[in-house]
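Each chain is listed here by its residues.
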Amino acid sequence: MTTSRLSDRLTTHQPLVLGLFRMVLGLLFASEGAATVFGVLGRKAAPVGDWPFWYAGVIELTCGALVLLGTVTRGAAFLSSGVMAFAYFTEHQPDGLFPLQNGGLSPALFCWGFLLLVFSGPGALSLTAPTGRKGGPRPAGRGVTEPSR
């Protein structure tokens with residue numbers, strides 16, 4: 001199989017794999033939020049109203065569920081990416097420059113994973129797919145008409 005044929009074959013599966021990536025990322029993020037808010041999965045719950053941990057947990061749970069389901073994916077992913085950037089720079093980065101030094105590997109990966117979804121959209125298997133809305137990338141120059149000659 002030539003490289004171009006392999007590339008074409010992989011590209012045809014891109015929406016499905018992107019959708020699976022979105023679902024796994026959303027599930028993992030929602031589980032982080034559930035652990036923080038409800039004290040499940042071996043973690044002690046943050047006290048209600050405790051800044052910033054309880055609020056971050058609510059955002060993680062809500063946005064994680066939205067991303068998992070594939071509804072308002074870009075908005076939820078944008079907020080999630082920002083929350084993780086805030087967590088990294090306020091809670092982890094003061095303890096060291098690199099994520100492996102400061103324990104901030106999870107926030108860094110979540111931040112960049114959600115940022116990818118902001119730009120790529122939800123992919124396949126999203127709740128917005130049956131409604132006919134396309135969440136994938138838009139072609140450049142869409143809506144631009146050629147000048148008449």
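Attention in this report is confined to the structure presented alongside it. Since the model is a prediction, treat every value here as computed from it, not as a measurement.

Once that is clear, we can look at the packing of aromatic side chains. Going through the model one piece at a time under the given rule, you end up with seven aromatic pairs. Measuring from ring centre to ring centre gives 6.4 Å for Trp51 and Phe86, while their planes differ by 55°; the resulting arrangement is tilted. Here Phe86 lies in helix α4 (residues 73-92) and Trp51 lies in the loop between α2 (14-38) and α3 (53-69), a separation of 35 residues in the sequence. Where Trp54 meets Tyr55, the ring centres are 5.2 Å apart and the plane angle is 85°; that geometry is what we call edge-to-face. Assessed through its relative accessible area of 39%, Tyr55 is described here as partly exposed.

Formed by 16 residues in total, the largest nonpolar core has its most connected members in Met84, Phe110, Phe114 and Leu117. Those elements giving two or more residues to this core turn out to be α2, α3, α4 and α6 (105-120). In this view, Leu117 contacts Leu18, Phe21, Arg22, Leu25, Val67, Arg74 and Ala77; residues no more than four positions away in its chain are not counted.

What counts and what doesn't
Residues numbered from 1 in each chain as written. Predicted model: local features only at pLDDT ≥ 70, side-chain atom pairs only at ≥ 80, totals over all residues. Heavy atoms only, no water. Phe/Tyr/Trp six-rings, centres within 6.5 Å; stacked < 30°, edge-to-face > 60°. Helix = DSSP H or I, 4+ residues; strand = E, 2+ residues; numbered from the N terminus. Buried < 20%, exposed > 50% of the residue type's maximum accessible area, 1.4 Å probe, protein only. Core = buried A, V, L, I, M, F, W, Y, C linked by side-chain atoms within 4.5 Å. Contact = heavy atoms within 4.5 Å.

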